[in-house]
Amino acid sequence: MSRRRVYLITAVVLVLIAVGAVALAAGTKPSTVGGAAAKGDGSTAPSLEAKGWINTRPLTPSALHDKVVLYDFWTYSCVNCVRTIPYVRSWYDRYHRDGLVVVGVHSPEFDFEKSHANVRSAVKKLGVDYPVALDDDMTIWNAFANQYWPADYLYDRSGHQAEVHFGEGGYDGTETEIRRLLGVKASSPRAHVRGHEGGTDGSVDLTPETYNGSERGAERFVSPQELADGTHTFSAPGALQTNDHALVGPWTVAPQYVESAGPGASLLLRYDAGQVNLVMATASGGPIDVAVQVDDQPAKTVRVQAADLYNLVEAKVGTHTVRITPAAPGLQAYAFTFGG
């Protein structure tokens, strides 16, 4: 069953989806929803069976007793998760002395995100200073019956679920609920957010997250050749409609990614957005330079080494074609994400 990161759509639909997701839990199919908040169901939180911890010793039920606890489900190559981190960090920094505990539950989408070294590097890079539980095999994810990245589950001091929130946005409301549960005075200063990277409020329809591997990439893939596992030489399509993507030249197709297999390999995408990001890695772990060209503009170079999310385009929202051309074989391209 596929799990998708979440994006913002209209508020009414989102709240209905949020309530339905809480009620149906793991039996529902993940979909592109987000920004939805709903009152918690009053259930108690499961214990945390993590594969490891960052920034803390293992957090036991006794360590969380009489605390307000926020469980933030994220994964480090998810752009929506990255954009929420400054807010989550600001709440921890402002309210942990008042009794707030934040647990960042790192539940990986891609195999490289199961590497604890990769997660530690991302935690440092992103300035995550609160406890992180390493949920390599999705044990905590399943115990919460979660379906979305990012997702926040807020519990009161008695250990009962007070609120759930899926996706970006709604930050003021979540902070207000945290303050209420902690008993913080209304006159007391609110959290100060540092390093917010933007995002979308859902008022503009953007190209949805686009996967490149055979597992989830075939829906909008345009090519005379099928997107099937193995090494193939792909021909350029006649035209791309908005949200279509294509491969040109030699590529090796795997379930989670496509890997450049020789000279002339390029990846095309017709998108409607302002910000374009691509999760990339290299087969060898060594650096590969990637030329990024939007329409007929001069190309820029992005150097890829660590398995991570890379920003390719920052511009006003519009419809364009981007061509990604690696300078060498071994470039692995996982998924595109977008912003306004």
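Look up a bit, the structure's there.
This one's a predicted model, so the numbers in the text were calculated from it and none came from an experiment. (Residues numbered from 1 in each chain as written. Predicted model: local features only at pLDDT ≥ 70, side-chain atom pairs only at ≥ 80, totals over all residues. Heavy atoms only, no water.)

Enquirer: How do you make sense of the packing of aromatic side chains when you look at a structure like this?
Expert: Aromatic ring pairs are reported here in terms of the distance separating the ring centres and the angle at which the planes meet. In this structure the tally under the stated criterion is 22 aromatic pairs. Pairwise contacts between aromatic rings join Tyr-71, Phe-73, Trp-141, Phe-144, Tyr-148, Trp-149, Tyr-153, Tyr-155 and Phe-166 into one cluster. If you follow Arg-216 out to its NZ or CZ, it ends over the ring of Tyr-211, 3.9 Å from the centre. (Phe/Tyr/Trp six-rings, centres within 6.5 Å; stacked < 30°, edge-to-face > 60°. Lys NZ or Arg CZ within 6 Å of the ring centre and 35° of its normal.)

Enquirer: So what exactly am I meant to see when it comes to the pairing of strand S10 (residues 245–253) here?
Expert: Sheet faces and side chains relate simply in a regular strand, where the side chains alternate between the two faces. Within S10, 8 of the 9 residues are buried, which leaves it mostly tucked inside the rest of the structure. Examined bridge by bridge, strand S9 (residues 230–234) and S10 share 5 bridges and lie antiparallel to one another. Opposite His-232, over in S10, you have Trp-251 as the bridge partner. With 4 bridges joining them, S10 and strand S12 (residues 266–282) adopt antiparallel strand pairing. (Buried < 20%, exposed > 50% of the residue type's maximum accessible area, 1.4 Å probe, protein only. Helix = DSSP H or I, 4+ residues; strand = E, 2+ residues; numbered from the N terminus. Pairing = 2+ DSSP bridges.)

Enquirer: What's the story with unusual backbone geometry in this structure? I'm lost.
Expert: Working note: non-glycine residues mostly have negative phi, and peptide bonds are mostly trans. Look at the link from Trp-149 to Pro-150: it is a cis peptide, with omega at -20°. Mapped onto the fold, Pro-150 is located in the loop between helix H4 (139–143) and strand S6 (151–155). One non-glycine residue, Asp-66, lies in the positive phi region at around 65°. Tracing the backbone through its elements, the reader meets Asp-66 in the loop between strand S2 (53–54) and strand S3 (68–74). Judged by relative accessible area, which is 42%, Asp-66 ranks as partly exposed. In the Ramachandran plot, Met-138 falls in the positive-phi region, its phi being about 65° despite a non-glycine side chain. By secondary structure assignment, the location of Met-138 is in the loop between strand S5 (132–134) and H4.

Enquirer: Just to check I follow, could you spell out helix H5 (residues 171–182) for this structure?
Expert: Three- or four-residue spacings in an α-helix give side chains the same orientation, since the helix completes a turn every 3.6 residues. Over its 12 residues, H5 runs 17 Å from end to end, which matches the ideal 16 Å to within 8%, given 1.5 Å per residue. Positive backbone phi, approximately 80°, marks Gly-183, located one or two places after H5. (Expected span 1.5 Å × (residues − 1).)

Enquirer: Could you clarify how one ought to interpret helix H3 (residues 116–126) in this entry?
Expert: By the burial criterion, the buried members of H3 are Val-119, Ala-122, Val-123 and Leu-126. For H3, the arc enclosing every buried residue in end-on projection is 105°, short of the 170-degree limit, so these residues lie on one face. In H3, the exposed positions that point more than 90 degrees away from the buried face belong to Ala-117, Lys-124 and Lys-125. Structurally, H3 contributes buried residues whose contacts are with S2, S3, helix H2 (79–95), strand S4 (100–106) and S5. Positive backbone phi, at 70°, marks Gly-127, one or two positions downstream of H3. (Arc of directions from axis to C-beta. Contact = heavy atoms within 4.5 Å.)

Enquirer: Sorry, what's going on with the side chain of Asn-146 here?
Expert: Relative to the elements of secondary structure, Asn-146 occurs in the loop between H4 and S6. Take Asn-146: its relative accessible area is 1%, and that puts it in the buried class. There is a polar contact of 2.9 Å between the side chain of Asn-146 and the backbone oxygen of Tyr-148. In terms of polar contacts, Asn-146 uses its side chain to reach the side chain of Tyr-153, at 2.8 Å. For Asn-146, the residues in contact, after removing those within four places along its chain, are Phe-73, Trp-141, Ala-151, Tyr-153 and Phe-166. (Polar contact = N/O pair within 3.5 Å; in protein donor to acceptor, adjacent residues only side chain to side chain.)

Enquirer: Before we go on, may I ask you to explain the nonpolar core in this structure?
Expert: Side chains of nonpolar character tend, in soluble globular proteins, to be buried together. Core analysis: the largest hydrophobic core is formed by 65 residues, its most contacted members being Leu-48, Tyr-71, Phe-73, Trp-91, Leu-100, Val-103 and Tyr-153. Sort the elements by how many residues they give to this core and H2 lands first, with 9 residues. Sequence-distant contacts of Trp-91, defined by excluding residues within four places in its chain, comprise Leu-70, His-96, Leu-100, Tyr-171, Thr-174, Glu-175, Ile-178 and Ala-191. Among the nonpolar cores identified, the runner-up in size contains 30 residues, and Phe-221, Val-258, Val-302 and Leu-331 belong to it. (Core = buried A, V, L, I, M, F, W, Y, C linked by side-chain atoms within 4.5 Å.)

Enquirer: Can you walk me through the pattern of salt bridges in this structure?
Expert: Here the idea is simple: oppositely charged side chains can pair when their charged atoms come close. By the definition in use, this model includes 11 salt bridges. Among the ionic pairs, Arg-194 bridges to Asp-93, the shortest N-O distance being 3.3 Å. Of this pair, Arg-194 sits in the loop between H5 and strand S8 (210–211) while Asp-93 sits in helix H2, placing them 101 residues apart in sequence. A relative accessible area of 42% places Arg-194 in the partly exposed class. Note that Arg-94 is salt-bridged to Asp-98, the shortest N-O span being 3.2 Å. For Arg-94, a relative accessible area of 22% puts it in the partly exposed group. The class of Asp-98 is partly exposed, set by a relative accessible area of 33%. (Salt bridge = Lys/Arg side-chain N within 4 Å of Asp/Glu carboxyl O.)

None of this, on its own, says anything about what the molecule does.
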